[in-house]
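In case you want the letters, here they are:
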Amino acid sequence: MATLGDIGVSALINILGAFAFLLAFALLRIQPINDRVYFPKWYITGGRTSPRHSSNFVGKFVNLNLWTYFTFLNWMPQALKMSESELINHAGLDSAVFLRIYILGLKIFGPIAIVALVVLIPINASGGTLFFLRKDLVVSNIDKLSISNVHPKSIRFFVHIGLEYLFTFWTCFLLYKEYGRVASMRLNFLASQRRRAAQFTVLVRNVPHVSGRSISDSVDNFFKTNHPDHYLCHQAVYNANKFAKLVRKRERIQNWLDYNQLKFERHPDKRPTKKRGFLGLCGEKVDAIDFYKKQINDLDRRLTMERQRILKDPKSIVSAAFVSFNSRWGAAVCAQTQQSKNPTLWLTNWAPEPRDVYWKNLAIPFVSLSIRKLVISLSVFALVFFYMIPIAFVQSLANLEGLEKVAPFLRPVIEVKFVKSFLQGFLPGLALKIFLYILPTVLMIMSKIEGHVALSVLERRASAKYYYFMLVNVFLGSIVTGTAFQQLHAFLHQAPTQIPRTIGVSIPMKATFFITYIMVDGWAGIASEILRLKPLVIFHLKNMLLVKTERDRVKAMNPGSVDFPETLPSLQLYFLLGIVYAVVTPILLPFILVFFAFAYLVYRHQVINVYNQRYESAAAFWPHVHSRIIASLLISQLLLLGLLSTKKAANSTPLLVALPILTLSFHKYCKHRFEPAFRKYPLEDAMAKDLEDRNSEPDVNLIAYLTDAYLHPIFHSFEEVELTEVRVDKNQTQIPSTSVDRPHNHVPSPSASELSSPSPPHHAYNYENQPPHMVTHQYELDQQNYTVNQYEVEQQHPYDVFHYGAELSSNGYRY
């Protein structure tokens, strides 16, 4: 068991490590050569230009202004200057609400820490129970500050119960205020946003197959019939996963070609070569540039053929579509109501914003989603218990005295003073951090297999899995396995009736392990976050080897976004530790407070200067944060109830029974009061926003705005690809008579050439259940009919399958 001295060694190591990281960051960030690594957000928004324009050659790489080296810590006050409203405009609501979680932690644990340290520490320290148990149990000075040190049947337990009520009410009060504040921020943010495609669009899944009718025609007919006044158009969804793989493969080969061409430009007297065999390590040596050019040409032909196959084959259109409406009100009604008598068909939900769509999962058949979720749930369950093995090993390092009693032959090595302090005070937290390093990536892959269609949902589901893992393994697992190792000797040499009492006394003793974990993960780990060592190395390697143009340089400095799948569960673990140990072992609270304050400062700097969020969910993750803090309260109450039962506090324990009931009632009230703002869009707000748009922009062309909003992004790729000429039979594209003012009833899929060019669009048509062709067409208006002339398609703009259900009048839309 770690002693105060071991904790001191760990604190010293982590404080020195954090200071080293901060010092390195402060020096590296002011160097011109690193400017794009530490301020990429400002380059993306256009608010910063490169400082590498110095006439001095050395000044392009090294900051020659000596004064900046004396003010290298000014990043700290600068991170606090931006107001919350400015932060929302700069980085989005997701980032602003994410930072509010740290402020909430400070608000909750600041007063709790003061009360707990002033009231509970003297009560616990004067108990003296562990003095009589020290021969059977491994205890430390920190354990003597916990509830374990209070005598059984003591009247002092009424103080612990009273403070548990006080801390719960304080936490619930702050949660209520914060939930209401975030819900209000979300609604105000949505109301203040300018027109976005997602506000008018619904994702429809599980579209039924009708004999003799295509998916597109089924969607068009259904929504014209059931939403005749508001349905505008829809866009079919293709299964383009194979095409996307070819696109990614081409990107990799293009990077190698760029690298070898750059290498040849630097040394024109020597052509670069490579071996054709496995990983370029064996086989015939060939010219590298010619080799990669040939591979790219082959891939271009495969891309063309695959595009043609996708757009000609009706089976490549999946049973889903993005359906757009002429108003937010119409979209809200559709997204939030049941569309069919069969509740498994025509399933509608709000469409994610285009950059939030995870296109690969749109092609997953709906019937397989339940099977996938079941398989992944079982896999996560197995993974949680598989990780018990390394967790138990980590706990054996944290409890060397208990291990010595089981394996006395290790004593000569363990008893070396520095080795013992290092193993107990620093290594357990570091080892656990290493074991958890790859886990978020594994859980994200599992979430993708489940079939979620939005990146924001994928991250929330991965975050939920990681939270359950942290709860079971890091928290409960550390207590159970740690107790088993630590108290094994006591278990083997006492009566069976005493084992529950020993476990009850042992649970608070794990506070020493969690203190070391907080220092490693929450102090040194957060300091390493701001250093950005990995992105720094990768940027300079890319800049040295691959970057040729400004576009390449922007791609190389891609800053990424806040890692919600890992960061949010870690945050929730700190809430759990603080709430559980506030009454049990309050000495842990100051370490929690340092984490929240330091992490808030670091992440505020990163959000302002570094991260560029991939999507904006308008704080949709907040209900999960609220629910898990409530779960922490319940765990704390049940744990204290169990502890008091082992302390034979029969008179005081029943007073705790009402607290979980009150907590659950509070959670249910908040769920009904605030959660709808995060799940649905109020029709009142939708109508108000529609009226505002009609007054300010009465002649807006929504069809033009929504036409390619949900076009699969791979169809925009590789403008330089030379595609083969594609023609179409004129008889297949004849268009029936329609009103001159009526917009297109059917805009087909893009041609091969269309898919690679940014030129202005020309719409094409497909009728009589014909599959969409890879063509574009030139329109001529003749006697109120659209006639499509066959012509060679080159350099046209990509468009997907669209249907329109609106008519134009002289003043705008007639629906």
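Worth saying up front: this structure is predicted, and the values here are computed from it rather than measured.

Parameters and conventions
- What you see as residue numbers is a count from 1 along each chain, following the sequence as written.
- Under the rules for a predicted model, residues below a pLDDT of 70 receive no local features and side-chain atom pairs below 80 are neither given nor counted, while totals for whole chains, interfaces and linings still include all residues.
- The side-chain quantities take in all heavy atoms of the structure and omit both hydrogens and water.
- Put simply, DSSP marks the helices as runs of H or I at least four residues long and the strands as runs of E at least two long, and each gets a number from the N terminus on.
- Exposure categories follow from relative accessible area, calculated using a 1.4 Å probe and restricted to protein chains: below 20% of the type maximum is buried, above 50% is exposed, and the middle band is partly exposed.
- Here a residue-residue contact requires only that any non-hydrogen atoms of the pair lie within 4.5 Å.
- Only the protein chains shown count as covering a residue, and every accessible area follows the Shrake-Rupley method with a 1.4 Å probe.
- Lines fitted to C-alpha atoms define the axes, with helix axes restricted to the stretch in contact, and inter-axis angles between N-to-C directions lie between 0 and 180 degrees.
- When an angle is under 35 degrees it counts as roughly parallel; over 145 it counts as roughly antiparallel; between 65 and 115 it counts as roughly perpendicular; any other value is oblique.
- With the far helix as reference, a near helix turned anticlockwise by less than a right angle produces a left-handed crossing, and one turned clockwise produces a right-handed crossing.
- Three residue categories are used. Nonpolar comprises Ala, Val, Leu, Ile, Met, Phe, Trp, Tyr, Cys and Pro, charged comprises Asp, Glu, Lys and Arg, and polar comprises the others, including Gly.
- Within this scheme, the nonpolar core is defined by two criteria: the residues are buried Ala, Val, Leu, Ile, Met, Phe, Trp, Tyr or Cys, and they are joined through side-chain atoms within 4.5 Å.
- A carboxyl oxygen of Asp or Glu within 4 Å of a side-chain nitrogen of Lys or Arg is what we treat as a salt bridge.
- Here, any two strands with at least 2 DSSP bridges between them count as paired.
- A patch is a set of surface residues, each over 30% in relative accessible area and not in a salt bridge, joined within 9 Å for like charges and within 5 Å for the nonpolar side chains Val, Leu, Ile, Met, Phe, Trp and Tyr.
- All tallies of charge rest on Lys and Arg as positive and Asp and Glu as negative; His and the ends of each chain are not included.
- Positions of charges follow a simple convention, taking NZ of Lys, CZ of Arg, CG of Asp or CD of Glu.
- Classification of ring pairs uses Phe, Tyr and Trp, with its six-membered ring standing for Trp, and accepts pairs whose centres are within 6.5 Å; under 30 degrees between planes counts as stacked, over 60 as edge-to-face, and the remaining range as tilted.
- Charges are assigned to positions over rings by a cutoff of 6 Å between ring centre and Lys NZ or Arg CZ, combined with an angular limit of 35 degrees from the ring normal.
- Polar contact criterion, stated in full: a pair of N or O atoms within 3.5 Å, where within protein one must be able to donate a hydrogen and the other to accept it, and residues adjacent in sequence count only if both atoms are side-chain atoms.
- Confidence of the predictor at the level of single residues is captured by pLDDT, which takes values from 0 to 100.

## Let's talk about the overall build of the protein
Alright, step 1. Secondary structure assignment for the protein yields 33 helices and 12 strands.
Alright, step 2. Classification of the 815 residues of the protein by burial places 54% in the buried group.
Alright, step 3. Contacts spanning at least 24 positions in sequence make up 81% of the contacts within the protein whose residues lie at least 6 apart.
Alright, step 4. Summed over its atoms, the accessible surface of the protein is roughly 36600 Å², and 62% of this surface lies on carbon and sulfur atoms.

## Examining the packing of helix α7 (residues 93-125) against helix α28 (residues 589-609)
Alright, step 1. Viewed as axis vectors pointing N to C, α7 and α28 meet at an angle of 160°, and their least axial separation amounts to 9 Å. Classified by the angle between their axes, α7 and α28 sit roughly antiparallel to one another. Two packed elements cross with a definite hand, and for α7 against α28 that hand is left-handed.
Alright, step 2. Classifying every residue of the contact of α7 with α28 gives 22 nonpolar, three polar and one charged.

## Observations regarding the nonpolar core
Alright, step 1. Phe-98, Phe-475 and Tyr-581 are the most contacted members of the largest nonpolar core, which has 139 residues in total.
Alright, step 2. Residues Ile-296, Leu-303, Ala-331 and Cys-334 belong to the second largest nonpolar core, which totals 34 residues.

## Concerning unusual backbone geometry
Most peptide bonds are trans, and most residues other than glycine sit at a negative phi.
Alright, step 1. Although it is not a glycine, Trp-346 adopts a positive phi angle of roughly 50°.
Alright, step 2. Mapping Trp-346 onto the fold places it in the loop between α13 (328-335) and β6 (347-350).
Alright, step 3. Judged by its relative accessible area of 8%, Trp-346 is buried.
Alright, step 4. Look at Arg-532: it is not a glycine, yet its phi comes out positive at around 55°.
Alright, step 5. Structurally, Arg-532 is set in the loop between α24 (511-531) and α25 (533-545).

## Quick word on the pattern of salt bridges
Alright, step 1. By the definition in use, this model includes 22 salt bridges.
Alright, step 2. Where Asp-35 meets Arg-48, a salt bridge forms, and the shortest distance between an N and an O atom there is 2.7 Å. Here Arg-48 lies in the loop between α3 (40-45) and α4 (67-70) and Asp-35 lies in helix α2 (residues 35-38), a separation of 13 residues in the sequence.
Alright, step 3. Among the residues examined, Arg-48 registers a relative accessible area of 32% and is labelled partly exposed.
Alright, step 4. We note a salt bridge from Arg-100 to Glu-84, for which the minimum N-O separation is 2.9 Å. Linking Arg-100 in helix α7 with Glu-84 in helix α6 (residues 84-91), this pair joins segments that are 16 residues apart in sequence.
Alright, step 5. What makes Arg-100 buried here is its relative accessible area of 15%.

## Focus on the pairing of strand β2 (residues 231-238)
Alright, step 1. Judged by how many residues are buried, β2 sits mostly within the fold: eight of eight residues are covered.
Alright, step 2. The sheet contact formed by β2 and strand β5 (residues 317-325) spans six bridges and is antiparallel. Counterpart to Tyr-231 in the pairing with β5 is Phe-325.

## Regarding a positive patch on the surface
Alright, step 1. On the surface, Lys-242, Lys-245, Arg-248, Lys-249, Arg-252, Arg-302, Lys-360 and Lys-448 cluster together into a patch of positive charge.
Alright, step 2. By residue number, the principal contributor to the positive patch is helix α11 (residues 241-266), which donates five residues.
Alright, step 3. Checked against the element boundaries, Lys-448 lands in helix α20 (residues 439-450).

## Observations concerning the packing of aromatic side chains
Alright, step 1. The full count for this structure, using the stated rule, is 34 aromatic pairs.
Alright, step 2. Following the ring pairs from residue to residue traces out a cluster consisting of Phe-98, Tyr-102, Phe-109, Phe-564, Tyr-574, Phe-575, Phe-595, Phe-596, Tyr-603 and Phe-621.
Alright, step 3. For Arg-48, the ring lying beneath its charged end belongs to Phe-39, and the centroid distance is 4.0 Å.
Alright, step 4. Note that Arg-271 overlies the ring of Phe-264, its terminal NZ or CZ placed 4.8 Å from the centroid.

## With respect to a nonpolar patch on the surface
Alright, step 1. A surface patch of nonpolar side chains, amounting to about 430 Å² of accessible area, comprises Leu-533, Val-537, Leu-541, Met-544 and Leu-545.
Alright, step 2. By the secondary structure assignment, Met-544 is in helix α25.

## Points about the side chain of Glu-306
Alright, step 1. Among the secondary structure elements, Glu-306 is positioned in helix α12 (residues 288-312).
Alright, step 2. Of note is the side chain of Glu-306, whose polar atom sits 2.7 Å from the side chain of Arg-309.
Alright, step 3. Setting aside its immediate chain neighbours within four residues, Glu-306 contacts Lys-242, Phe-243 and Leu-246.

## Considerations on the pairing of strand β1 (residues 201-205)
Alright, step 1. Burial within β1 is extensive, with five of its five residues counted as buried.
Alright, step 2. Of the two faces of β1, both are covered, the one formed by Thr-201, Leu-203 and Arg-205 as well as the one formed by Val-202 and Val-204.
Alright, step 3. Note that β1 and β6 share four bridges and pair antiparallel. Residue pairing for β6: Val-204 is matched across the bridge by Thr-348.

## Digging into the confidence of the model for the protein
Alright, step 1. Across the protein, the average pLDDT comes to 77, with 74% of residues at 70 or higher.
Alright, step 2. Confidence, expressed as mean pLDDT per element, reaches its minimum in the protein at strand β8 (residues 778-782) with 30 and its maximum at helix α30 (residues 658-674) with 95.
Alright, step 3. Low confidence marks residues 131-138, where pLDDT is under 50. Its contacts with residues over four positions away, or in another chain, come to 18 contacts.

## A closer look at the environment of Ile-376
Alright, step 1. By secondary structure assignment, the location of Ile-376 is in helix α14 (residues 367-386).
Alright, step 2. Residue Ile-376 is classed as buried on the basis of its relative accessible area of 4%.
Alright, step 3. In the structure, Ile-376 is positioned 72 residues away from Lys-448 in sequence and 10.0 Å away in space, judged by C-alpha atoms.
Alright, step 4. Ile-376 has contacts with Met-446, Ile-449, Glu-450 and Lys-465, leaving out every residue within four places of it along the chain.

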